[in-house]
Amino acid sequence: MPVVLPDTGYIPTAEDRESLDAWFTEYDAQSAQRAVERMADMAVFPLNLVSDDSAGNGRSAQWSREQFIEIMTGVMGDGDQNITFESVRTPVFLSAAMAVVFTDSTMTMDGNSQQLRYADVLVKRGGVWAFQTMIQGGWGDNL
């Protein structure tokens, strides 16, 4: 069944999609290398986070760049394990400068795969995309 995107009133151009895809290719590459500081360079701070906790309650937080680096370094580790991502992304452009991107991803580390589903809100500033909000279930106890 094809995905039907909501009518936001904005029809993205080919360049809109290409620039967003290029941003995610770079972000995935930085993630695979555990280059957390470079990942932080690709964000707008304070960064909004939305999740749910183990009690089933919705949670949100705002992180500074320093918090992002500390927490993501802890989450991603600093080992030598090879990490790869295979992702299918469905962007919903609200304008030429705002997009909500839904991602279904398989992360594989040392032969072990994990399915991920999340959404990001990205904004374009000065012609460059940056993520501003991360949304994923199951992380609320860590916010």
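Calculation notes
Each residue is numbered by its place in its chain's sequence as written, counting from 1. Local features in this predicted model are restricted to residues of pLDDT 70 or higher, and side-chain atom pairs are both shown and tallied only at a pLDDT of 80 or more, whereas totals for entire chains, interfaces and linings draw on every residue. As a rule here, side-chain values cover all heavy atoms of the structure and leave hydrogens and water aside. Only buried Ala, Val, Leu, Ile, Met, Phe, Trp, Tyr and Cys residues count toward a nonpolar core, and they belong to the same one when joined by side-chain atoms within 4.5 Å. For each residue, the accessible area found with a 1.4 Å probe, counting protein chains only, is set against the maximum for its type, and the residue is called buried under 20%, exposed over 50%, and partly exposed in between. A run of DSSP states H or I qualifies as a helix once it reaches four residues; a run of E qualifies as a strand once it reaches two. Both are numbered from the N-terminal end. Should any heavy atoms of two residues lie within 4.5 Å, those residues are counted as being in contact. Just to be clear on terms, a salt bridge is a Lys or Arg side-chain nitrogen sitting within 4 Å of an Asp or Glu carboxyl oxygen. Definition of a polar contact: a pair of N or O atoms within 3.5 Å, with one able to donate and the other able to accept a hydrogen when the atoms are protein atoms, and with sequence-neighbouring residues admitted only if both atoms are side-chain atoms.

Concerning the nonpolar core
- One finds Leu20, Trp23, Phe68, Leu122 and Phe131 to be the most contacted residues of the largest nonpolar core, which totals 24 residues.
- Every element with two or more residues in this core is listed here: helix 1 (14-32), helix 2 (36-41), strand 1 (43-52), strand 2 (58-63), helix 3 (65-76), strand 4 (98-109) and strand 6 (128-135).
- Among residues more than four places away in sequence, those in contact with Leu20 are Pro91, Phe93, Ala99, Val101, Leu122 and Trp129.

Quick word on the pattern of salt bridges
- Per the stated rule, a full pass over the model turns up six salt bridges.
- With a shortest N-O distance of 2.9 Å, Arg17 and Asp21 are connected by a salt bridge. Here Arg17 and its partner Asp21 are both found in helix 1, four residues apart, which amounts to about one turn of the helix.

Description of the environment of Asp52
- Within the element layout of this structure, Asp52 appears in strand 1.
- Judged by relative accessible area, which is 32%, Asp52 ranks as partly exposed.
- Along the primary structure Asp52 and Trp139 are separated by 87 residues, whereas in three dimensions their C-alpha atoms are 6.3 Å apart.
- In this structure, Asp52 is in contact with Asn57, Gly58, Arg59, Gln136, Gly137, Gly138, Trp139, Gly140 and Asp141, ignoring residues within four places of it in sequence.
- For Asp52, the side chain forms a polar contact with the main-chain nitrogen of Gly138, separated by 2.5 Å.

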